Each structure stands twice: as C-alpha cells, then as structure tokens.
Amino acid sequence: MHKDIATPVRTRAILEKYGFSFKKSLGQNFLIDTNILRRIVDHAELTDDSAAIEIGPGIGALTEQLAKRSKKVVAFEIDQRLLPILEDTLSPYPNTKIIHEDVLKADVKGMIETELQGIDDLMVVANLPYYVTTPIIMKLLEEKLPIRGIVCMLQKEVADRISAKPGTKDYGSLSIAIQYYTEAETVMIVPKTVFIPQPNVDSAVIRLTKRKEPAVSVQDEGFFFQIIRASFAQRRKTLLNNLTSHLPDGKQKKEEIIAALEQAGIEPGRRGETLSIEEFARLSDGLSPIFS
Ligand code: SAM
C-alpha cells in the first residue's frame with residue numbers, strides 16, 4: 001500500500017521536494033484530507049469498469065483515490081510545473097493519464113474516443129479551479145459528452161445557485177441551464193481547513209446526474225436560453241420589462257410579447273425568478289415565432 005498523497009505531511013513533503021509555489025490565478029487549493037476525497041469518490045458511484053475524467057489533478061490527491069476505484073483516470077492539467085510532480089506521485093498507478101491542456105480548449109469528446117474506448121460508464125470527478133467553475137461545467141454539459149454525470153467541488157455559493165429552486169434568491173439562469181441537462185444536488189459541505197492553501201470561500205460538492213433527455217423539450221434551444229438570460233438581466237424588473245428591454249426590438253414588439261405571455265398562462269408582472277423551467281419552455285416556444 002502506498003502512503004496517500006492527501007495528508008498534510010505528505011503534501012508538504014511533495015511541495016518542498018519540487019519547490020512548488022501555488023498560483024492563485026490558477027485556483028490552486030489542494031486537498032489534504034483523504035477522508036474527504038474518499039467521500040467525494042463515493043458520490044461518483046464508480047465500479048471497476050468505470051472511467052473517471054478529472055479536471056485539474058494538482059499533485060494527484062484525487063487522481064490517486066480515483067485510480068484505486070476505477071479502471072482508468074484521465075486528467076487535464078493546465079500547469080506545466082505539475083507534470084513532473086504527477087509523474088512521480090502517480091507512478092504507482094499505471095491506470096492514470098495526464099493531459100497537459102487547458103480543459104476549456106481541449107477536445108474532450110475526442111479524448112474519450114481515443115483514451116476511453118470501450119468503457120461505458122464515464123464520470124467527471126474534480127476539485128475544480130474556482131475561477132472557472134461555471135465555464136467548465138457548462139462546456140462539459142453543452143458538448144453533450146457520453147458521461148453519466150459530474151461530481152465536483154466548487155464554491156458553496158455557486159453550488160447553492162446551481163441547485164436552487166424557483167422562487168428562491170439563488171435561482172437564476174445558471175440554475176436553469178444546469179437543471180435543464182442534469183438533476184443537481186449538493187451532497188457535501190466542505191470546511192476550508194482541508195485545503196492548502198485555504199480558500200477564502202466556503203466549498204461544497206455537487207452531484208449532477210445527466211438526464212436521458214433535457215428537463216423540457218423546446219423548439220429552439222438557443223432561443224430558450226436567450227429568453228432565460230433576458231428574463232434575469234435585471235432581477236428587480238418584471239418579466240415583461242426585462243423581455244422588452246433585452247430582446248432585439250423588444251420595445252416595438254411589446255404587445256406581441258404580452259399576448260405570448262398570456263397565451264402561456266404567465267402574468268407579465270411576475271419576476272423571472274418565479275418561473276419554473278416548464279414555464280420558460282412554454283414562453284420560449286410562444287415567443288419564438290415573433291423573433292424568428
Ligand atoms: N485535484 C487537486 C486537489 O484536489 O488537490 C487540485 C485541485 S485545484 C482546486 C485546481 C487544479 O486545476 C490546479 O491543479 C490547477 O492548476 C488546475 N487548473 C486550473 N485551471 C485549469 C484549466 N483551465 N484546465 C485544466 N486544469 C486547470
């Protein structure tokens with residue numbers, strides 16, 4: 001058995017050996033608690049036939065736990081300085097592969113086809129760099145990858161927004177965008193003390209389970225998201241006000257927008273944050289002929 005990477009003593013020894021200094025700009029907060037890591041991996045429900053895709057392996061703390069519990073792990077790491085460290089720390093785990101690339105620029109689908117061929121159960125598991133949490137999650141969902149879901153650590157405040165229900169202060173376009181593709185739940189709250197260096201914000205782990213079909217079916221997905229963005233553009237404004245101000249030629253089309261809202265059974269004086277995803281879908285289908 002190898003000594004776990006994620007202990008304060010071993011992590012410090014690795015950092016010292018390589019003279020590694022953290023880059024705040026890359027969201028480098030490494031986990032130093034093996035227990036927390038095991039619990040994160042539990043939530044991914046991996047088997048010996050699963051593969052894990054990791055974003056940002058750091059010095060390999062989570063990668064190691066994933067390697068012990070799956071067939072293969074492929075991890076994208078942007079920071080070149082970590083490559084020799086990972087080669088060393090992950091040498092006992094031949095089922096791991098590190099790709100030196102910014103995940104936002106990477107061809108993840110192509111990687112799955114070449115590296116994970118024949119593996120049916122794929123999960124993304126990550127302790128995400130907090131400066132790019134949302135773009136990373138949205139990229140993974142919008143590219144419609146053949147994954148079962150995502151289990152990831154992020155800022156608690158973002159986790160609250162992702163899993164928020166209509167009518168709450170955290171509910172917004174991010175909640176809808178993610179709940180459109182997945183069932184979202186917060187599964188763990190994580191204290192700052194298990195990171196080195198400690199982040200300034202509280203953290204949480206969310207599990208996003210991909211739906212077989214999106215939560216609602218809409219005629220034009222792009223327009224549906226445009227309506228949602230417009231509806232939340234200014235939270236204190238009514239739906240009608242936001243739609244007329246933030247859709248192209250909205251002011252000239254006010255009467256038609258009112259008619260479409262009424263047709264969809266939505267009172268124009270409501271605020272965007274009170275609408276369910278089904279109501280947004282009805283509204284989008286009703287408005288789309290007016291704006292196409
Ligand atoms: N997985 C490690 C752990 O749990 O201890 C490190 C997590 S740390 C929060 C985030 C990691 O993501 C860092 O290693 C950082 O260099 C890497 N990273 C930051 N931006 C990235 C990007 N755009 N693509 C890939 N990796 C990135």
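Residues numbered from 1 in each chain as written. Predicted model: local features only at pLDDT ≥ 70, side-chain atom pairs only at ≥ 80, totals over all residues. Heavy atoms only, no water.

(A) Broad picture of the side chain of E54. Turning to its location among the elements, E54 is positioned in strand 2 (residues 50–55). One buried charged side chain, E54, makes no salt bridge at all; its nearest oppositely charged neighbour is K68, positioned 13 Å away. Within the local environment of E54, its side chain forms a polar contact with the side chain of T63, the two groups lying 2.6 Å apart. Contacts of E54, omitting those with residues within four sequence positions, involve L62, T63, L66, V73, V74, A75, F76, V125 and A126. (Helix = DSSP H or I, 4+ residues; strand = E, 2+ residues; numbered from the N terminus. Buried < 20%, exposed > 50% of the residue type's maximum accessible area, 1.4 Å probe, protein only. Lys, Arg positive; Asp, Glu negative; His and termini not counted. Salt bridge = Lys/Arg side-chain N within 4 Å of Asp/Glu carboxyl O. Polar contact = N/O pair within 3.5 Å; in protein donor to acceptor, adjacent residues only side chain to side chain. Contact = heavy atoms within 4.5 Å.)

(B) Seen up close, the sheet that holds strand 6 (residues 149–155). Taken in spatial order, the seven strands make up an open sheet running 4-3-2-5-6-9-7, and their pairing is mixed. Each edge of the open sheet is held by one strand with a lone partner, namely strand 4 (96–100) and strand 7 (182–190). Each adjacent strand pair in this sheet contributes to an overall mean axis angle of 20°, direction not counted. Relative to strand 5 (residues 121–127), strand 2 runs parallel, the two sharing four bridges. Along strand 5, the bridge assignment pairs A52 with M123. Where helix 8 (residues 173–181) meets the sheet, it contacts strand 7 and strand 9 (203–210), and its direction lies at approximately 115° from that of strand 7. (Pairing = 2+ DSSP bridges. Axes fitted to C-alpha atoms, helices over the stretch in contact; angles between N-to-C directions.)

(C) Representation of the pairing of strand 3 (residues 72–77) within the structure. Along strand 3, five of the six residues are buried, which leaves the element largely enclosed by surrounding structure. As judged from the five bridges shared by strand 2 and strand 3, these two strands associate in the parallel manner. Note on strand 3: the bridge partner recorded for I55 is F76. Viewed along the sheet, the connection from strand 2 through helix 3 (residues 61–69) into strand 3 turns out right-handed. Summarising the sheet, strand 3 and strand 4 pair through five bridges and their orientation is parallel. Bridging across to strand 4, V73 finds its partner in T96. For the crossover from strand 3 across helix 4 (residues 83–89) to strand 4, the handedness is right-handed. (Right-handed = clockwise from strand over helix to strand, strands pointing away.)

(D) Representation of the UniProt feature "domain: Ribosomal RNA adenine methylase transferase N-terminal" (unreviewed entry) in the chain within the structure. Following the UniProt record, one finds the feature "domain: Ribosomal RNA adenine methylase transferase N-terminal" (unreviewed entry) at residues 36–212. As annotated, residues 36–212 comprises 33% helix and 28% strand, and the C-alpha atoms at either end are separated by 30 Å. (UniProt positions renumbered as here; feature names shortened; annotations may be inferred.)

(E) Spatial organisation of the nonpolar core. Within the largest apolar cluster, 70 residues are counted, with the highest numbers of intra-cluster contacts made by I137, I162, F224, L243 and L287. Ranked by the residues each element gives to this core, the list is headed by helix 12 (residues 277–291), at seven residues. Built from parts of two domains, this core gets at least three residues from each of domain 1 (8–210) and domain 2 (221–291). If you look at the next biggest cluster of nonpolar residues, it comprises 37 residues, including I32, L82, M188 and F195. (Core = buried A, V, L, I, M, F, W, Y, C linked by side-chain atoms within 4.5 Å. Domains from an automatic or database assignment.)

(F) Looking closely at the domain arrangement of the chain. With domains assigned, the chain is organised as domain 1 (8–210) and domain 2 (221–291). Relative placement of domain 1 and domain 2: their C-alpha centres are 35 Å apart. Of the residues lining the interface, 13 residues belong to domain 1; the matching set on domain 2 comes to 13 residues. Surface buried jointly by domain 1 and domain 2 totals about 960 Å² across both partners, of which 65% is contributed by carbon and sulfur atoms. On the domain 1 side of the interface with domain 2, the three residues burying the most area are Y171, I176 and Y180, jointly 51% of the side's total. Our count for the domain 1 to domain 2 interface comes out at one salt bridge. Salt-bridge contacts for E221 lead to K144; the nearest nitrogen and oxygen are separated by 3.3 Å. Applying the counting rule to domain 1 against domain 2 returns six residue pairs in polar contact (both at pLDDT 80 or more). Looking at side-chain class alone, the side of domain 1 that touches domain 2 contains six nonpolar, five polar and two charged residues. (Buried area = accessible area lost by both parts, 1.4 Å probe. Nonpolar A, V, L, I, M, F, W, Y, C, P; charged D, E, K, R; others polar.)

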